[in-house]
Amino acid sequence: MRNAIVVASLFLLSASVLAESAAGVRWTAPEGWANEGSRPMRAATYRIAPAAGDKASAECGVYFFGAGQGGTVEANLERWKSQFKDPNGKVAPAQIAKRTSHGLTITTIDTAGEYSGMGGPMAASAAVQGYRLLGAIVTASGGNIFVKLTGPAKTIAANQQKFDQMLASFQPDK
């Protein structure tokens, strides 16, 4: 029985490590974010518990489509911006910045408003008010990695430092 537990633990550990690398880079997920593993087109998916007063949780998807796939940095920033509307129905303002960490260029976006970019089972539902996006595109030698944290604005604000911590952890595999 003990050997089975050790083997199961090693399997879970290796699955976690594999889920936190793509395109020749690796990263560390913040403590408290539940790793839901990989999905089609996603290297990892993290579930973030709602902040006090929020009903919905947030989600951070780390997408890798393959070298040269997934579109340009600019095209993705424009698409992400278009998923958020201000109270007048216009594209909500967004803050875009660029930085370098461990030799990797990371382009970030921060926007909020009425969110219409939900995928999966929620895609057919109406847009949701009061959402926020913290996004990043990590330019890696093996291709771009797209990181998209979306959820209720209060929950995203409560996790902004953890998001920044995760971005700072991106580094080339050795």
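For the structure, see preceding data.
Residues numbered from 1 in each chain as written. Predicted model: local features only at pLDDT ≥ 70, side-chain atom pairs only at ≥ 80, totals over all residues. Heavy atoms only, no water.

Regarding the overall build of the protein chain
Phase 1 of the analysis: Looking only at helices and strands, the protein chain features four helices and eleven strands.
Phase 2 of the analysis: Partitioning the contacts of the protein chain with sequence separation of at least 6, the portion at a separation of at least 24 is 55%. (Helix = DSSP H or I, 4+ residues; strand = E, 2+ residues; numbered from the N terminus. Contact = heavy atoms within 4.5 Å.)

A word on helix 4 (residues 160-169)
Phase 1 of the analysis: Within helix 4 the residues assigned to the buried category are Phe163, Met166, Leu167 and Ser169. End-on, the buried residues of helix 4 take up no more than an arc of 160°, which puts them together on one face. (Buried < 20%, exposed > 50% of the residue type's maximum accessible area, 1.4 Å probe, protein only. Arc of directions from axis to C-beta.)

Observations regarding the pairing of strand 7 (residues 94-101)
Phase 1 of the analysis: In this sheet, strand 8 (residues 104-115) lies alongside strand 7 in antiparallel orientation, the contact comprising eight bridges. When the sheet's bridge partners are listed, arginine 99 is paired in strand 8 with isoleucine 106.
Phase 2 of the analysis: Taken together, strand 7 and the strand that follows it, strand 8, pair antiparallel across an intervening segment of two residues, in which histidine 102 is found at a positive phi of about 55°. (Pairing = 2+ DSSP bridges.)

Observations concerning the side chain of serine 169
Phase 1 of the analysis: As for its placement among the helices and strands, serine 169 is situated in helix 4.
Phase 2 of the analysis: Non-local contacts of serine 169, meaning those with residues more than four positions away in its chain, are made with Arg26, Trp27 and Thr28.

Regarding the packing of aromatic side chains
Phase 1 of the analysis: A complete count under the given rule lists six aromatic pairs for this structure.
Phase 2 of the analysis: Among the aromatic residues, those joined into a cluster by ring pairs are Tyr63, Phe65 and Phe146. (Phe/Tyr/Trp six-rings, centres within 6.5 Å; stacked < 30°, edge-to-face > 60°.)

Things to note about unusual backbone geometry
Phase 1 of the analysis: Residue methionine 41 is not a glycine yet carries a positive backbone phi of 70°.
Phase 2 of the analysis: A relative accessible area of 56% places methionine 41 in the exposed class.
Phase 3 of the analysis: Not every positive phi belongs to a glycine, and histidine 102 is a case in point at roughly 55°.
Phase 4 of the analysis: When you line up the elements, histidine 102 lands in the loop between strand 7 and strand 8.

Focus: helix 2 (residues 73-82)
Phase 1 of the analysis: What helix 2 keeps buried is the set Val73, Asn76, Leu77, Trp80 and Lys81. The buried residues of helix 2 occupy one face: seen down the axis, they fall within an arc of 135°.

Describing the sheet that holds strand 2 (residues 25-26)
Strand pairing in a sheet relies on backbone hydrogen bonds, with the paired strands running either antiparallel or parallel.
Phase 1 of the analysis: Spatial strand order, 1-2-11: three strands in an open sheet with antiparallel pairing. At either margin of the open sheet sits one strand with a lone partner, and together these are strand 1 (21-22) and strand 11 (171-172).
Phase 2 of the analysis: Two elements, strand 1 and strand 2, share two bridges in a ladder whose sense is antiparallel. Pairing of alanine 22 across the sheet is with valine 25, part of strand 2.

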